[in-house]
Amino acid sequence: MTDQCGTTTLTQTFTTARGVFAPGHLGALTRYLPFELVDDALDRPGRRGRTRTVPARVAVYFVLALTLFPDASYGRVWDTLAGALRQAGRLVASVTAAGLACARRRVGPDPLRELFEVVAGPLGRPCTRGVSWRGLRTVAFDGCRSTRVPETSDNVAWLGRYKVAAGVAAYPLLAVMALAETGTRSLLGAVVGPYRGEVEAALQLVGHLRQDMLVLADRGFDANAFIRAVHASKAALLLRICSSRRPAVLQVLADGSFLSVIAGVPVRVIAATVTVTCADGSTHRGEYRLVTTLTDARRHPAEDLLALYHERWEIEVTFLAIRHTMLKGRVLRSGDPQGLRQEMWALLTVHQLLRMAMLDATDAVPGCDPDRACFTAALVAARDSVTRGAAIVPDAGSELTGPITEAVTGALLPPRRPRISARTVKGVSARYGHRRSDEDRPCVSTPVTSLDIIVHSPQQDTPVPAPTAAPPGRPGQNPAPQQDPPVTAQTLLPPAVPMHTSRLEDVLAAMGTAPEREWRAIELATLLRLDRGDLTGGLIRWSRRQILIKTGPATFKIPDGPPRPSKLAVHPEDVLAVMATDPHRPWHAREITAALNTVKHSTLAQHLSAWARKNLLVKTAPATYRLPEQPVPTAPARPLAATNTPTAELLDKPE
C-alpha cells in the first residue's frame, strides 16, 4: 500500500527565447524555423517596429501556431504557447484577442511568404528511396481550389463566387497552385490567390524547375505555352494530352511510341491501354496518351513511363494533408484578402516544416520509403511539443531523438499497396458526386493485383509528306525549286526553340531548324497541327510583307540576312523611345507611325489607347498622347532569336 500511495516530483527543463520573446516558438518545429531565420525575414523597413507586448517575431510564430490549432481561438492558441512557460514560473503577459489580431495585421503576409520561399524546395537526398527515377527527380503540378474562406464583402470582391451545378458554392474558395516533389510530398513553390486557370498559375512556378527534374502533369496542363515553358527550363516532361490533339507521326520507335513535334518542341507520344485486375476479380480498363520530351526509347521505355505517371497523384496526397488533416475541413479565419494570404502562406510553411521532420525520421530507418511516414502522427507530435514547450532549442546531436522523429518512426505505415481510386467525393456540390454511366471505376477503392499495359503503334496511312519539285514557272515568276532529298524524321524533328506566342513565330521556329530548305505549306500544317487552308493564306500574307520568300506554289523559305520586322509588330519601349526625344510635346499617332516606320497607323492607334488606359501614356486629345509626369521605366532590350524569328506582336493583357 505504501508504494501505491507514494508520490514523486518530476521536473521539465526546456530552453526558449529570453524576455518578451519567450512565447515565440513552434515547439519541436522551431529547429526547422529558427529564431534567426524569422528575424532575417523581419529585417526589412517597416516590419520590425518597436518592441511591444507581442513583438513581431512572436506574432509570426503565433500566426504559424494558428495553423496547428485551427479549431482554437486566438486566446486559446496564445495560452498554448505560454502555458509551459507559466508552469515553469515565468510571468507571461495576457493578451486579448483584439491585441493578437492587431499583431497579425502589423506583420502582414509578406514575411510569411518569404519564410515559405526559404523553406520550400526539394527535400529528397540522392539516397532517399522513391525520390528519383532513372536519375530524374519526379515533381508534379496541380491546383487546389476547395479551401473555403469566410463570406465577407472583401473576400467575395477578391475571390468572386465559384459556380457549381446547383448554383454557387456556399463559401468563396481560395485557389492554390503548387509544385510538389512526389517522393517526399514536399512543396517547391506555390501561387495563392483567386482562380485564374491552372496553366496561367503554373507558368509562374516554372522557374523552380531544374535540369535534373521530370515534370508530371495531367490533361489540364495540355497547353502549348506550358509545354514550351517546361522545355525551356531544361526539365523533362511527362504529360497526358487531350483526345482532341492529333500529333503528326514522324518516326515510329521499337516500343510502339512515335516521335512528333508539338508547339515547336520535339516530343515522343505514347498511346496505350492500361488494364488493372483488382483483388475482387474485377478488371478495369483505361486509354492513355502521354507526351514526353524523353525521346530515347531505350533509356526510357514506354511501359515504364506509363507506370511512372501514376506518381502524379502524390501531389493530391499533399493537398489532402493540408485541407483535411491540418485544417480538418474548416473555413479559414481571415475576413480580408491580406489575412487570407498570410494564413495560407503560414499553412504551407508549417506543412513544409512537418515534411522536413518526417523525412529526417524516415532517413533514420535504412531503406525506408518516405511514403511510410504518417502525417497525422507528425502533426499530433508537433502540437504536443508546442503545448509542452519541448525541444524548442534542441541539444546538439539530438536530431534523431526529437519528439516528432520518435513519433513518426514508432508509427510507420505498411509499405504502399497499389489501389485503384473510386474517385468519389461526399458533398452536395461535389464535382464527382454523380458518376457517369460509362465510367469504368469501382465503387470503392480496391487493391490492384496485376497491371497490364499494351502500347499501340500509330497508323501509317497518313505520314508526313515529303516535298516534291514544283512545275517550272512562267517567265517573270520565281524559279522552280530544286528536288529536295527525302524527308526523314531527323530533318523534320526540330531542336529546342525559344518561347513564342504567335502563329508566325511557330512557323518561323519550325522553318528555322533548316533555314536553307524550302518548306511546303502542307508540311508546316502537319507539323504544327494547323488547318492547311488557313496556314497557306498566312504564308502568302507574310511573303507579301517580305517576312518569307515564296519559291513556288505553296512553297516558302526564310530569306537570307537579318530577320525583317513584321508590319504589325509594335512594343511600348519603341514608342516611348520616340516620344522621349521631345518629352514635353503631345505626339499624334501619325507622327509616331512615321518615326517607327514598322507599324500601321490603325494598329498603333489601338495600342496607344490601351497603353493610356494602363497609365503608360496620357491622352490629351483624339489620337494625341504625351508622356506622363513621372518617368516610365523602359523595358530591357529584346534579344533576337537564332532562328530568324521576328519580333512578336504585343498582346495587351490585363494587369
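Everything that follows concerns the structure shown earlier in this document.
Definitions and cut-offs
Residues numbered from 1 in each chain as written. Predicted model: local features only at pLDDT ≥ 70, side-chain atom pairs only at ≥ 80, totals over all residues. Heavy atoms only, no water. Helix = DSSP H or I, 4+ residues; strand = E, 2+ residues; numbered from the N terminus. Buried < 20%, exposed > 50% of the residue type's maximum accessible area, 1.4 Å probe, protein only. Contact = heavy atoms within 4.5 Å. Areas by Shrake-Rupley, 256 points an atom, 1.4 Å probe, with all protein chains shown as cover. Patch = residues over 30% accessible without salt bridge, like charges linked within 9 Å, V, L, I, M, F, W, Y side chains within 5 Å. Salt bridge = Lys/Arg side-chain N within 4 Å of Asp/Glu carboxyl O. Lys, Arg positive; Asp, Glu negative; His and termini not counted. Charge placed at Lys NZ, Arg CZ, Asp CG, Glu CD. Pairing = 2+ DSSP bridges. Axes fitted to C-alpha atoms, helices over the stretch in contact; angles between N-to-C directions. Parallel < 35°, antiparallel > 145°, perpendicular 65-115°, else oblique. Left-handed = near helix turned anticlockwise from the far one by under 90°. Nonpolar A, V, L, I, M, F, W, Y, C, P; charged D, E, K, R; others polar. Polar contact = N/O pair within 3.5 Å; in protein donor to acceptor, adjacent residues only side chain to side chain. Core = buried A, V, L, I, M, F, W, Y, C linked by side-chain atoms within 4.5 Å.

All right, on to the overall build of the chain then. Assigned secondary structure in the chain consists of 21 helices and 20 strands. By residue count, 49% of the 655 residues in the chain fall in the buried class. Taking contacts inside the chain between residues at least 6 apart in sequence as the whole, the part at least 24 apart equals 68%. Carbon and sulfur atoms make up 52% of the accessible area of the chain, which amounts to about 32,800 Å² in all.

Judged by side-chain charge, Arg503, Arg541, Arg544 and Lys550 come together as a positively charged surface patch. Accessibility expressed as a relative area gives 68% for Arg544, which makes it exposed.

What follows is about the sheet that holds strand E19 (residues 618-621). Reading across the sheet, the three strands line up as E18-E20-E19 and stay open at both edges, with antiparallel pairing between neighbours. A single partner strand is all that each edge strand has here, and the edge strands are strand E18 (587-588) and E19.

In terms of backbone geometry, most residues other than glycine have negative phi values and most peptide bonds are trans. Notably, Lys234 is not glycine yet its phi reads approximately 75°, a positive angle. Relative to the elements of secondary structure, Lys234 occurs in the loop between helix H9 (224-232) and strand E8 (236-240). For Ala554, which is not glycine, the phi dihedral falls at a positive 55°. One can find Ala554 in the loop between strand E16 (549-552) and strand E17 (555-557).

For helix H6 (residues 110-119), the set of buried residues is Pro111, Leu112, Glu114, Leu115, Phe116 and Val119. Taken together, the buried residues of H6 touch helix H2 (35-42), helix H3 (56-68), helix H5 (97-107), strand E6 (186-193) and helix H12 (337-363). Gly121, located one to two residues past H6, shows a positive phi value of around 145°.

All right, on to the sheet that holds E16 then. Taken together, the three strands give an open sheet; going across it, the order is E15-E17-E16, and neighbouring strands pair in antiparallel fashion. Taken across any chain shown, the strands that pair with only one partner, and hence form the sheet edges, are strand E15 (519-520) and E16. Pairing analysis gives two bridges linking E15 to E17, with the strands arranged antiparallel. Following the sheet pairing, Trp519 is matched in E17 by Phe556.

For the rest of this paragraph, the subject is the packing of helix H11 (residues 314-326) against helix H13 (residues 375-388). At a minimum axis separation of 11 Å, H11 and H13 run at an interaxial angle of 50°. Taken together, the axes of H11 and H13 lie oblique to each other. The chirality of how H11 crosses H13 is right-handed. Of H13, the residues touching H11 (which contributes Ala321, Thr325 and Met326) are Phe375, Thr376, Leu379 and Arg383. Per-class residue counts for the contact of H11 with H13 are four nonpolar, two polar and one charged.

Counting buried positions over the five residues of strand E10 (residues 258-262) gives five, a clear majority of the element. Here E10 shows two buried faces, one formed by Phe258, Ser260 and Ile262 and the other by Leu259 and Val261. Note: strand E9 (residues 251-252) against E10, two bridges, orientation antiparallel. The partner of Val252 across the bridge, within E10, is Phe258. Counted between consecutive antiparallel strands, the loop separating E9 from E10 contains five residues, among which Gly256 sits at a positive phi close to 100°. Where E10 lies against strand E11 (residues 265-278), five bridges are found, and the strand directions are antiparallel. Along E11, the bridge assignment pairs Ile262 with Val265. Hairpin connection from E10 to E11: two residues lie between these consecutive antiparallel strands, with Ala263 at a positive phi of about 55°.

This brings us to the environment of Thr273. By the element assignment, Thr273 lies in strand E11. Exposure remark for Thr273: the relative accessible area of 8% places this residue in the buried category. Sequence-distant contacts of Thr273, that is, excluding residues within four places in its chain, are made with Arg285, Gly286, Glu287, Asp452, Ile453, Ile454 and His456. Only 2.9 Å separates the side chain of Thr273 from the side chain of Glu287, close enough to count as a polar contact.

Our focus in this paragraph is the nonpolar core. Ranked by size, the top nonpolar core spans 108 residues in total, and within it Leu26, Leu29, Leu64, Leu214, Leu348 and Ile404 carry the most contacts. When near neighbours in sequence (up to four residues on either side) are disregarded, Leu348 contacts Phe116, Val176, Leu187, Ala190, Val192 and Ile322.

Okay, the side chain of Asp369 next. Inspection of the secondary structure assignment puts Asp369 in the loop between H12 and H13. Of the side chains with opposite charge, Arg129 comes closest to the buried, unpaired Asp369, at an N-O distance of 4.5 Å. Those residues in contact with Asp369, other than ones at most four positions away along the chain, are Arg129, Gly130 and Thr362.

Don't take any of this as a statement about function, it's just geometry.
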